[in-house]
Amino acid sequence: MNQTVNANRLFLASCFALITTSMAFGIRAGVLTQLGVSFQLDNEQLGYVNQMAFLGFPIAMIIGGPLYNVLGPKKIIWVAFFTHVIGLVMTIFSGGFWTLLLSTFFVGFGNGTVEAACNPMISDMFEGKDKTKMLNRFHMWFPGGIVIATLLSQFMTDNNMGWQLQIAAILVPAVIYAYLFYGQVFPEAKVEGGASTGENFKAMLSPLYLFMLACMALTAISEFGPEQWIGPIMGQAGASPMIILAIVTGLMAVGRYFAGPIVHKLDAGGVLLVSAILTTVGVYLMAGATGNMVYISAIIFALGVCYFWPTMIGYVAENIPLTGAFGLSIMGGMGMFATSIFQPIIGSWLDANTAEAAKTLTGDAVALAAGQATMAQMVLFPAILIVAFAGLYFFGKKAKLA
């Protein structure tokens, strides 16, 4: 790596860029109910608003991934900054459903561009299992930023600060990462084995990569489905939805920081299998929990989803290196694309379950029953992953022994 590259500053700047991304997710979850009231939107329409953030993300990664080898991370990260600013300012001044959709898409595009630039850049800086360790440390700031966002959103909501001001707060880390990146020398794209984008694509057609791509869709839905709908779903369960989200994301941040020893002991396949089991148990328990039991089930859920995203990226970087930056971007893009597809579906589940519960219940009991029924429907996603990752883990062990 070029000696003039300040790797520590680039890594720090990348972390603030990811904090911007995560605050956009966390604050949107915090103001989702307020948006529904302000714009008179039902849950399915709110799902479409969420969908735009998750849809903009994979589109950015699909564009940014193959361009990384050509443009390098510097130009891509500045695209992220400008689309973040455009999207956030447009959101603040949104006048209705359609402008809210467009502005949220821009924010999502900025989020995806951050990942398209920073994931391969960090991967280029480190070797072997250090790739997975440092990607986990980078990705700790996704839940870490959501902790900041949820506590800030809770404070601002309690003090009658409008959703517009909460969205404006996301501009703070955006300006910080722009300052940290400004004037820096970026590393050259490290192309494994001299692979071109065409060779990246060929490696992405391997059975292992396609398998991981399908699993990425399910891991992302398992994580972001419950998280993004925590307010509407858990609002009447006798626990604060934003505190639940803060607990979940706080534990995820700590877990990712200390990921190194766990990844070295279990290897990535073992981490993914244990994660799937814990996620399934956590979502199942949340589907029937009330009061303090909600917090306990949320802790189990957090321990489950903690390592999903960065370990999936790290597994591909370590085991299928010829996919390059393009392959990493497509992996992340698949996760967000799958999540985007399910946002309005989850909203429609909640609307349908609310209508069904209203036939026999009244008041807060309707929202509680509808939320629990919707959460129960989400158990299927991590349950499928238990089978998938068990196969990956034991097949991987067998291949190493051979």
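Residues numbered from 1 in each chain as written. Predicted model: local features only at pLDDT ≥ 70, side-chain atom pairs only at ≥ 80, totals over all residues. Heavy atoms only, no water.

A.B. asks: Would you mind showing me how to read the packing of helix H3 (residues 73-92) against helix H8 (residues 171-181) here?
C.D. replies: Taken N-terminus to C-terminus, the directions of H3 and H8 make an angle of 160 degrees; their axes are 10 Å apart at the nearest point. In terms of orientation, H3 lies roughly antiparallel with respect to H8. You can see that H3 and H8 cross each other, and the crossing is left-handed. Note on element contacts: H8 touches H3 through Leu 171, Ala 174, Val 175, Tyr 177, Ala 178 and Phe 181, opposite Ile 77, Trp 78, Ala 80, Phe 81, His 84, Val 85 and Leu 88. The class makeup of the residues in the contact of H3 with H8 is 12 nonpolar, 1 polar and no charged. (Axes fitted to C-alpha atoms, helices over the stretch in contact; angles between N-to-C directions. Helix = DSSP H or I, 4+ residues; strand = E, 2+ residues; numbered from the N terminus. Parallel < 35°, antiparallel > 145°, perpendicular 65-115°, else oblique. Left-handed = near helix turned anticlockwise from the far one by under 90°. Contact = heavy atoms within 4.5 Å. Nonpolar A, V, L, I, M, F, W, Y, C, P; charged D, E, K, R; others polar.)

A.B. asks: Looking at this structure, how should I read the pattern of salt bridges?
C.D. replies: Pairing of side chains with opposite charge becomes possible as their charged atoms draw close. According to the stated counting rule, one finds 1 salt bridge in the structure shown. A salt bridge links Lys 359 to Glu 356; the nearest nitrogen and oxygen atoms lie 3.2 Å apart. Accessibility expressed as a relative area gives 64% for Lys 359, which makes it exposed. Overall, the relative accessible area of 47% leaves Glu 356 in the partly exposed class. (Salt bridge = Lys/Arg side-chain N within 4 Å of Asp/Glu carboxyl O. Buried < 20%, exposed > 50% of the residue type's maximum accessible area, 1.4 Å probe, protein only.)

A.B. asks: Even after reading the chapter, I still don't get the side chain of Gln 184, so can you show me in this structure?
C.D. replies: By the secondary structure assignment, Gln 184 is in the loop between H8 and helix H9 (197-204). Excluding residues within four positions of it along the chain, Gln 184 makes contact with Asn 6, Arg 9, Leu 10 and Lys 74.

A.B. asks: Before we go on, may I ask you to explain the environment of Lys 359 in this structure?
C.D. replies: Among the structural elements, Lys 359 can be located in the loop between helix H16 (324-357) and helix H17 (364-377). Spatially, the C-alpha atom of Lys 359 lies 20 Å from that of Met 234, the residues being 125 residues apart in sequence.

A.B. asks: Got a minute to help me understand the state of the cysteines in this structure?
C.D. replies: As used here, a disulfide is simply a covalent bond connecting the sulfur atoms of two cysteines. Within this structure, the stated rule accounts for 0 disulfides. Looking at the unpaired Cys 15, the closest cysteine sulfur is the one in Cys 118, lying at 8.5 Å. Cys 15 gets classed as buried once you look at its relative accessible area, which sits at 4%. (Disulfide = S-S within 2.5 Å.)

A.B. asks: Help me understand a nonpolar patch on the surface, please; the structure alone is not making it clear to me.
C.D. replies: A cluster of nonpolar side chains, Ile 59, Ile 63, Leu 67, Val 70 and Leu 71, forms an exposed patch at the surface whose accessible area comes to about 400 Å². Note that Leu 71 resides in helix H2 (residues 43-71). Leu 71 gets classed as partly exposed once you look at its relative accessible area, which sits at 38%. (Patch = residues over 30% accessible without salt bridge, like charges linked within 9 Å, V, L, I, M, F, W, Y side chains within 5 Å. Areas by Shrake-Rupley, 256 points an atom, 1.4 Å probe, with all protein chains shown as cover.)

A.B. asks: Can you help me understand the packing of aromatic side chains in this one?
C.D. replies: Two numbers describe a pair of aromatic rings. These are the distance of the centres and the angle of the planes. A full pass over the atoms with the stated rule returns 21 aromatic pairs. Consider the rings of Phe 308 and Phe 389, whose centres lie 6.3 Å apart with planes at 45 degrees: the pair is tilted. Of the two residues, Phe 308 sits in helix H15 (residues 308-319) while Phe 389 sits in helix H18 (residues 380-401), which places them 81 residues apart along the sequence. Here Phe 308 matches Phe 389 in class, with each residue buried. Among the aromatic residues, those joined into a cluster by ring pairs are Phe 25, Phe 54, Phe 57, Phe 142, Phe 224 and Trp 309. Over the aromatic face of Tyr 179 sits the side chain of Arg 9, whose NZ or CZ is 5.4 Å from the ring centroid. (Phe/Tyr/Trp six-rings, centres within 6.5 Å; stacked < 30°, edge-to-face > 60°. Lys NZ or Arg CZ within 6 Å of the ring centre and 35° of its normal.)

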